[in-house]
Amino acid sequence: PSITTAIIYPGMCMFEALNVSEGRGTMHPFEHFGAPWIDNQNLADTMNEFALPGIYFNATAYTPVNIPGASGRPKYMNEEVKGLNLIITDREQLRPLSIMVYLFSALKQHYPEEIELGKYLERLIGIESFRVAINDARQPEAILKEWEKDIEKFKNIRQKYLLYK
């Protein structure tokens with residue numbers, strides 16, 4: 001529904017595999033997320049301490065509702081959820097997948113009993129090792145560094161298929 005949604009979607013769509021609202025049932029899906037058990041200000045402070053490039057996190061609360069044609073049965077429908085609003089400060093520096101890794105890590109750290117990382121996450125992200133890494137409390141930096149090897153390998157493989165450089 002907005003350019004902000006399109007920009008942040010590659011990372012925030014992974015929230016569909018969690019027991020956390022990804023903002024469906026609002027006019028700004030994927031631009032915020034939440035659950036009834038989240039301490040939104042504490043989580044916002046944690047995320048902003050990471051000083052991730054291109055993003056700022058505000059504590060927010062919202063109530064997902066049925067939106068015909070857009071969101072039929074959103075998570076926590078008609079229930080207030082507390083979470084974070086993602087504010088893009090620099091589109092060029094923003095790294096949606098990195099943001100997602102930090103958010104998942106923070107959620108697992110703050111809410112180990114409440115957060116559920118469903119098997120569907122493996123289908124969305126394409127690898128089982130991510131769910132295992134989050135469950136094992138691996139640091140976000142270590143997860144992202146491990147992905148760098150695969151990214152470089154992919155870039156080399158794709159080079160011969162690029163039509164425009």
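Higher on the page you've got the structure.
In this text the structure is predicted, and so the values were computed from the model without any measurement. (Residues numbered from 1 in each chain as written. Predicted model: local features only at pLDDT ≥ 70, side-chain atom pairs only at ≥ 80, totals over all residues. Heavy atoms only, no water.)

K.L.:
Help me understand the pattern of salt bridges, please; the structure alone is not making it clear to me.
P.N.:
The final tally for this structure, using the stated rule, is six salt bridges. Among the ionic pairs, Glu22 bridges to Arg24, the shortest N-O distance being 3.3 Å. Under the relative-accessibility criterion, Glu22 is labelled buried at 4%. Put simply, Arg138 and Glu146 hold a salt bridge, and the shortest N to O gap is 3.2 Å. When its relative accessible area of 32% is taken as the criterion, Arg138 is described as partly exposed. A single network of salt bridges, built from pairs that share partners, joins Glu16, Glu22, Arg24 and Lys75. (Salt bridge = Lys/Arg side-chain N within 4 Å of Asp/Glu carboxyl O. Buried < 20%, exposed > 50% of the residue type's maximum accessible area, 1.4 Å probe, protein only.)

K.L.:
Got a minute to help me understand helix H5 (residues 128-135) in this structure?
P.N.:
Each full turn of the α-helix corresponds to 3.6 residues, which orients residues three or four apart in the same direction. For H5, the full list of buried residues reads Phe130, Arg131, Ala133 and Ile134. In a view along the axis of H5, the buried residues occupy a sector of 160°, so they form one face of it. Each element contacted by the buried residues of H5 is listed here: helix H3 (96-110), helix H4 (120-125) and helix H6 (140-158). Of the residues flanking the end of H5, it is Ala137, one or two places downstream, whose phi is positive at about 60°. (Helix = DSSP H or I, 4+ residues; strand = E, 2+ residues; numbered from the N terminus. Arc of directions from axis to C-beta. Contact = heavy atoms within 4.5 Å.)

K.L.:
I would appreciate a short explanation of the nonpolar core in the present structure.
P.N.:
In globular proteins that are soluble, nonpolar side chains generally tend to be buried together. Residues Phe33, Leu103, Phe104 and Phe130 are the most contacted members of the largest nonpolar core, which totals 41 residues. Ranked by the residues each element gives to this core, the list is headed by H3, at eight residues. Excluding anything up to four places from it in sequence, Phe104 contacts Met14, Phe15, Leu18, Leu117, Leu121, Phe130 and Ile134. (Core = buried A, V, L, I, M, F, W, Y, C linked by side-chain atoms within 4.5 Å.)

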